[in-house]
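Listed here are the chains, written in short residue letters.
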Amino acid sequence: MNLAVARGWSPTLRRPSALPGFGITLGFAVSYLSLIVLLPLAVLVWRAGTLGLDGIWRVATTPRVLAALEVSFVIAALSAVVNAVFGTIVAWVLVRYEFPGKRLLDSAVDLPFALPTAVAGIALAALYAENGWIGALFAPWGIKIAFTPLGIFIALVFIGLPFVVRSVQPVLQDLDHEIEEASATLGASRRQTIVRVILPALTPAVLTGVALAFARAVGEYGSVIFIAGNMPFVSEIAPLLIVTKLEEFDYASASAIATIMLAIAFAVLLAINSIQAFSRRRFGDA
Amino acid sequence: MTVRRRALALAAVSLGLLATIVCAQAQPKDVVLTNVSYDPTRELYRALNDAFAKEWQASTGQKVTIRSSHGGSGRQARAVIDGLEADVVTLALAGDIDAIARESKRLPENWQSRLPHNAAPYTSTIVFVVRKGNPKAIKDWPDLAKSGVSVVTPNPKTSGGARWNYLAAWAYELDRNPGDQAAARKLVEAIYKNVPVLDSGARGSTTTFAQRAVGDVLISWENEAFLILQEFGADKFDIVVPPFSILAEPPVALVDAVVDKRGTRKVAEAYLDFLFTPAAQKIIAKNFYRPSKPEAADPADLARFAKLKLVTVDQAFGGWKKAQAEHFADGAAFDQIYRPSGKAAR
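Residues numbered from 1 in each chain as written. Chains lettered and ligands numbered in written order. Predicted model: local features only at pLDDT ≥ 70, side-chain atom pairs only at ≥ 80, totals over all residues. Heavy atoms only, no water.

In this structure, what is going on with the overall build of chain A? I would like to understand it.
From N to C terminus, chain A includes 14 helices and 0 strands. Reading the helices (α) and strands (β) of chain A from amino to carboxyl end gives α-α-α-α-α-α-α-α-α-α-α-α-α-α. Seen through its principal axes, chain A has C-alpha atoms that stretch 60 × 60 × 30 Å. By residue count, 42% of the 286 residues in chain A fall in the buried class. (Helix = DSSP H or I, 4+ residues; strand = E, 2+ residues; numbered from the N terminus. Buried < 20%, exposed > 50% of the residue type's maximum accessible area, 1.4 Å probe, protein only.)

Written out as structure tokens, the structure is:
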């Protein structure tokens, strides 16, 4: 079938394009994605499938699992939103201003990518524990950061930041100054220019960053377990519960929780993509 | 064509590699054993492996290298089930080796009766590590359940050591009120109510307690407690040995399917037998484990171990299989401690 497409046999399936090689690249893309992404996911669902649909439902709706899912998804969403705001500001500074040490700052953004997450988790726990530099500042007010849900939040903000910055940065770079100047000559205030001209153009990129940061945060394990405290019903994340099930040799339940996480994450990402598509249509391609 | 030439070159290189591997295997001299062990035995097995390699070379002329892999006991067992080729396993508890026998069939179910002393060349027990001067005056298990005392112990679902901690507390109460499971459950629940952080492994809890300054008392392996004092300074922590605790018997076993496939049965068996020899027992005592044959150990090393009443899992719980099912299986006693309220129950 791929061959047929390659020879241009089904013109109805695609819009005419001046670029050759559609069929072969599509065929490659589909097989590659199947092999690298879909096949492992299929195995996961198949493993969970040994429980049957009602079995998966039973595992997923136990209070402990529900609590862990809530912790994982709510904190991941919060951290993604916070990263959207502050990541955009960081990107703005890095694109729009010149200052000494800019290159250094720019590379520092990628560090959460590069660091093994367990190392990040241990460093964060050391910093935010009650005897750590930052934790000690908050301890007198009775605020505990490490080993509480707040600690999870901090770890997730840390690992999610580069996704937003790196998504927004190139778009901001390509944004024409002329548009802003035009907006100013047409009588818009600075604020109006930001809210009505710049932000709409950035929205799809910010959403991409949020989606990536969120997806990463939901699945994050390494950095979180060191700072979370891992108390059931309080600071236990769903990935930890999966690992716990695996240690009990209960592969089916582990796969069931994973499948549920996959379904929720997929739904959320789909929703973000739809908003993105909507804002693209509305404000034009960015 | 360059592609063909490259392919030829590649083929030549892989052939060469293959030849090297085949040659290496054909040479009967060197042998490599893989020992899959648990977390705190790093130092112990480093010493034991060196001693065994020397002895084996002296008696057979064969050079043996032992690779040790360390990690949480449950995780290590899972790795072996999933296909990690371990010639021998030396894990934290019989339950984990039972799981390998049950899930992978790579060794017979009666593995524990194939070696002396329940296949445990060394034992250990569970003790408390407290901050210097013992400010909360912790002496015995009920002290851990008092309000205002913060206890650090890992999650028994993921840590073998933590299962011993949990069972030690339970066995203590059973010993005081023979047969009263409800009282035991109450004590254990009260202790876990005082736990602010559930790390996934024993080393994680040690870090939380010693470096993050969380908690008043760490429930710990005895050998790990000695290591903490050695590592972080005896001026910061004290070891408190309760009058009653559990006799932890970390067992060792041959993985039959692997040694037969790799042809290493003879040397692997010798390695396990070696652990019970006087030479090995001496090393064991030196590394803060209680030797199963104390008469072979240095009396000075033995003097470091406090005398206390010890009970085995068999005596208090009727064996690991039963303890595992009643306490750590999904929805069993440990899971029941944690209820949706966000706090430990009752």
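How should the overall build of chain B be read in this particular structure?
In terms of regular secondary structure, chain B is built from 16 helices and 11 strands. Scored against the burial criterion, the 346 residues of chain B give a buried share of 54%. Contacts in chain B between residues at least 24 apart in sequence constitute 72% of all its contacts with a sequence separation of at least 6. Roughly 15,000 Å² of accessible area belongs to chain B as shown, and the carbon and sulfur atoms make up 57% of that amount. (Contact = heavy atoms within 4.5 Å. Areas by Shrake-Rupley, 256 points an atom, 1.4 Å probe, with all protein chains shown as cover.)

Sorry, what's going on with the nonpolar core here?
Generally speaking, a soluble globular protein has its nonpolar side chains buried in company with each other. Counting 95 residues, the largest nonpolar core has Val89, Trp141 and Tyr166 of chain B as its most contacted members. Ranked by the residues each element gives to this core, the list is headed by helix H6 (residues 160-176) of chain B, at 9 residues. Non-local contacts of Val89 of chain B, meaning those with residues more than four positions away in its chain, are made with Asn35, Val36, Val80, Ile97, Ile100, Pro251, Val252, Ala253 and Val255 of chain B. Counting 77 residues, the second largest nonpolar core, distinct from the first, contains Ile145, Val165, Leu172 and Val210 of chain A. (Core = buried A, V, L, I, M, F, W, Y, C linked by side-chain atoms within 4.5 Å.)

I tried to follow empty space enclosed by the protein on my own but got confused; where do I start?
In this approach the atoms are scanned with a rolling probe the size of a water molecule, which exposes any empty space left behind. This structure, assessed with the given rule, holds 2 cavities of 30 Å³ or more. Counted as a void, the largest cavity has a volume near 70 Å³. Sorting the residues of the lining of the largest cavity by element identifies H6, helix H8 (202-210) and strand E6 (217-221) of chain B as the ones contributing at least two each. Tallying contributions element by element places E6 of chain B first for the lining of the largest cavity, with 4 residues. In the lining of the largest cavity, the residues fall into 6 nonpolar, 5 polar and 1 charged. Quantified by volume, the second largest cavity comes out at close to 30 Å³. Every residue lining the second largest cavity is listed: Ser72, Ile152, Leu156, Ala217, Val218, Glu220, Val224, Ile237 and Pro239 of chain A. For the lining of the second largest cavity, the secondary-structure elements that each account for two or more residues are helix H9 (149-174) and helix H11 (190-219) of chain A. Looking at side-chain class alone, the lining of the second largest cavity contains 7 nonpolar, 1 polar and 1 charged residues. (1 Å grid on protein atoms, 1.4 Å probe; cavity = no way out; pocket = protein on both sides within 12 Å on 5 of 7 lines; lining within 4 Å. Points joined across faces, edges and corners; volume = space filled by probe spheres on them. Nonpolar A, V, L, I, M, F, W, Y, C, P; charged D, E, K, R; others polar.)

Help me understand helix H9 (residues 222-232) of chain B in this model?
Residue and element names in this part refer to chain B. With 8 of its 11 residues buried, H9 lies for the most part within the structure. Within H9, burial applies to Glu222, Asn223, Glu224, Ala225, Phe226, Leu227, Ile228 and Leu229. In the segment just after H9, Gly233 is the residue with positive phi, at about 105°.

I tried to follow the interface of chain B and chain A on my own but got confused; where do I start?
Much of the literature gives interface size as the accessible area that the parts lose upon coming together. Counting residues at the interface gives 29 residues for chain B and 24 residues for chain A. Buried area between chain B and chain A, both sides added, is near 2,300 Å², and the carbon and sulfur share of it is 55%. Three residues stand out in chain B for area buried against chain A, namely Arg78, Arg212 and Tyr338 of chain B, and they jointly supply 27% of the buried area on that side. At the boundary of chain B and chain A, one finds 2 salt bridges. Of the charged contacts, one joins Arg64 of chain A and Asp335 of chain B as a salt bridge, the two residues approaching to 3.1 Å between their closest N and O atoms. Taken together, the connections running from chain B to chain A amount to 6 residue pairs in polar contact (both at pLDDT 80 or more). Those elements that place two or more of their residues in the side of chain B that touches chain A are helix H3 (73-81) and helix H4 (94-104) of chain B. (Buried area = accessible area lost by both parts, 1.4 Å probe. Salt bridge = Lys/Arg side-chain N within 4 Å of Asp/Glu carboxyl O. Polar contact = N/O pair within 3.5 Å; in protein donor to acceptor, adjacent residues only side chain to side chain.)

So what exactly am I meant to see when it comes to the confidence of the model for chain B here?
If pLDDT is low for a region, its predicted coordinates should not be looked at in detail. Per-chain confidence: chain B averages 89 in pLDDT, with 90% of residues scoring 70 or above. The ipTM for the predicted assembly is 0.72, set against a pTM of 0.79. (pLDDT = per-residue confidence, 0-100.)

Looking at this structure, I do not really get the pairing of strand E8 (residues 244-248) of chain B. What am I missing?
Side-chain direction in a regular strand flips from residue to residue, so the side chains alternate between the two faces of the sheet. Residue and element names in this part refer to chain B. With 5 of 5 residues buried, E8 is to be regarded as a mostly interior element. Strand direction decides the pairing type here: strand E4 (residues 122-131) and E8, joined by 2 bridges, are antiparallel. Within E8, the residue paired with Thr125 across the bridge is Leu247. Two strands pair when backbone bridges link them, and E8 and strand E11 (residues 309-311) are joined in this way by 3 bridges, in the parallel orientation. Within E11, the residue paired with Ser245 across the bridge is Leu310. (Pairing = 2+ DSSP bridges.)

Got a minute to help me understand the sheet that holds strand E3 (residues 88-90) of chain B in this structure?
Strand pairing in a sheet relies on backbone hydrogen bonds, with the paired strands running either antiparallel or parallel. All names here are of chain B. Spatially, the 4 strands line up as an open sheet ordered E2-E1-E3-E9, and their pairing is mixed. Only two strands of the sheet have a single neighbouring strand rather than two, namely strand E2 (63-69) and strand E9 (252-254). With strand direction ignored, the average angle separating the axes of adjacent strands in the sheet is 20°. Sheet strands touched by helix H2 (residues 42-60): strand E1 (30-37), E2, E3 and E9. Its angle to E2, the strand with the most contacts, is close to 165°. (Axes fitted to C-alpha atoms, helices over the stretch in contact; angles between N-to-C directions.)

Would you mind going over the packing of aromatic side chains with me for this structure?
Pairs of aromatic rings are described using the distance from one ring centre to the other and the angle between the two planes. Enumeration according to the criterion identifies 22 aromatic pairs over all chains in this entry. A ring pair is formed by Phe28 of chain A and Tyr32 of chain A, whose centres lie 5.5 Å apart and whose planes are at 20°; its orientation type is stacked. With a gap of 4 residues between them, Phe28 of chain A and Tyr32 of chain A both fall in helix H2 (residues 22-49), about one helical turn apart. The class for Phe28 of chain A is exposed, based on a relative accessible area of 56%. On the numbers, 5.1 Å between centres and 90° between planes, the contact of Trp164 of chain B with Trp320 of chain B is edge-to-face. Here Trp164 of chain B is found in helix H6, whereas its partner Trp320 of chain B is found in helix H15 (residues 320-328), with 156 residues between them in sequence. (Phe/Tyr/Trp six-rings, centres within 6.5 Å; stacked < 30°, edge-to-face > 60°.)

Looking at this structure, I do not really get the packing of helix H4 (residues 63-96) of chain A against H9 of chain A. What am I missing?
Each pair of packed helices can be summarised by the angle the axes make with each other and by the distance between the axes. Residues and elements named next belong to chain A. The geometry of H4 relative to H9 is characterised by a closest axis approach of 5 Å and an angle of 40° between their N-to-C directions. In terms of orientation, H4 lies oblique with respect to H9. Regarding H4 and H9, the two cross each other, and that crossing is right-handed. Of the residues contributing to the contact of H4 with H9, the split by class is 21 nonpolar, 7 polar and 1 charged. (Parallel < 35°, antiparallel > 145°, perpendicular 65-115°, else oblique. Left-handed = near helix turned anticlockwise from the far one by under 90°.)

Got a minute to help me understand the confidence of the model for chain A in this structure?
Mean pLDDT over chain A stands at 88; residues scoring 70 or higher make up 93%. Highest mean pLDDT in chain A belongs to H4 of chain A (95); lowest belongs to helix H1 (residues 2-6) of chain A (45).

What am I meant to see in the pattern of salt bridges here?
Residue and element names in this part refer to chain B. Taken as a whole and judged by the stated rule, the model has 29 salt bridges over all chains. Measuring nitrogen to oxygen at the nearest pair gives 2.9 Å for the salt bridge that ties Arg265 to Asp256. Among the ionic contacts, a cluster of salt bridges with common partners joins Arg114, Asp256, Asp260, Arg265 and Glu269.

I'm lost on a negative patch on the surface in this one. Help?
A cluster of acidic residues, Asp174, Asp176, Glu178 and Glu181 of chain A, forms a negative patch on the protein surface. Considering the arrangement of structural elements, one finds Glu178 of chain A in helix H10 (residues 177-185). (Patch = residues over 30% accessible without salt bridge, like charges linked within 9 Å, V, L, I, M, F, W, Y side chains within 5 Å. Lys, Arg positive; Asp, Glu negative; His and termini not counted. Charge placed at Lys NZ, Arg CZ, Asp CG, Glu CD.)

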